[in-house]
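Residue-level structural notes
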Amino acid sequence: MDTVCRICARNSSSLTPVFTFMNGRILADMIRLICPIVIDPSDEIQQICKKCTKIILDAHELREMSVRSDIKFKSEAFSLPTQVKEESDPFSSSGSIVI
């Protein structure tokens with residue numbers, strides 16, 4: 001079982017331990033964020049193949065980028081000045097303020 005990828009379940013001669021640091025994080029933590037699985041240090045299979053490693057790293061990069069963009073867009077949306085315009089109220093002789 002030590003030649004099997006924990007993600008795709010295929011045999012591979014080149015496997016990476018999931019408790020390795022990559023891009024500043026532990027690979028197992030990235031897997032937990034992206035996939036609906038948790039790899040425990042006591043699990044028998046604790047490695048993934050090169051193809052799955054690349055997919056996890058790319059997916060994690062996409063996740064981080066989208067989170068940063070979301071924060072940016074939300075902060076910009078809240079920092080934009082509220083536009084106030086005056087509209088006439090058909091039931092009143094004075095104008096009303098619409099925000």
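Rules behind the numbers
- Just so you know, the residues in each chain are numbered from 1, in the order the chain's sequence is written.
- This being a predicted model, a pLDDT of at least 70 is required before a residue's local features are given, and a value of 80 or more before pairs of side-chain atoms are given or counted; all residues contribute to the totals for chains, interfaces and linings.
- No hydrogens and no water enter the side-chain calculation; it runs on all heavy atoms of the structure.
- Only DSSP runs of H or I reaching four residues or more are called helices, and only runs of E reaching two or more are called strands; each is numbered from the N terminus.
- Should any heavy atoms of two residues lie within 4.5 Å, those residues are counted as being in contact.
- Definition used in this section: a nonpolar core is a set of buried Ala, Val, Leu, Ile, Met, Phe, Trp, Tyr and Cys residues joined via side-chain atoms within 4.5 Å.
- Burial classes follow relative accessibility: with a 1.4 Å probe on protein chains only, a residue under 20% of its type's maximum area counts as buried, one over 50% as exposed, and anything between as partly exposed.
- pLDDT runs from 0 to 100 and stands for how confident the predictor is about each residue.
- Throughout this description, the term salt bridge denotes a Lys or Arg side-chain nitrogen within 4 Å of a carboxyl oxygen of Asp or Glu.

Quick word on the overall build of the chain
When helices and strands are tallied, the chain shows two helices and six strands. Along the chain, from the amino end to the carboxyl end, the secondary structure elements read β-β-β-α-β-α-β-β. Contacts spanning at least 24 positions in sequence make up 53% of the contacts within the chain whose residues lie at least 6 apart.

So, the nonpolar core
Counting 13 residues, the largest nonpolar core has Val18, Leu27, Ile31, Ile48 and Ile56 as its most contacted members. Listed by contribution, the elements that provide at least two residues to this core are α1 (27-34), β4 (47-49) and α2 (50-79). In terms of residue count, the dominant contributor to this core is α1 (four residues). Apart from residues lying up to four places away in sequence, leucine 27 is in contact with Thr16, Pro17, Val18, Thr20, Met22, Ile48, Thr53, Ile56 and Leu57.

Side note on the confidence of the model for the chain
Within the chain, residue pLDDT values average 84, and 77% of them lie at 70 or more. Mean pLDDT across the secondary structure elements of the chain bottoms out at strand β6 (residues 95-98), with 46, and peaks at β4, with 96.

Digging into the pattern of salt bridges
Proximity of charged atoms lets side chains of opposite charge pair with each other. Per the counting criterion, the structure on display carries four salt bridges. Of the charged contacts in the structure, one is a salt bridge between aspartate 43 and arginine 6, with a shortest N-O distance of 3.9 Å. With a gap of 37 residues between them, aspartate 43 in the loop between α1 and β4 and arginine 6 in the segment before β1 (15-17) connect regions that are remote in the sequence. Look at aspartate 43 and you get partly exposed, because its relative accessible area is 25%. Note that lysine 74 is salt-bridged to aspartate 70, the shortest N-O span being 3.1 Å. With a gap of four residues between them, lysine 74 and aspartate 70 both fall in helix α2, about one helical turn apart. The class of aspartate 70 is partly exposed, set by a relative accessible area of 35%.

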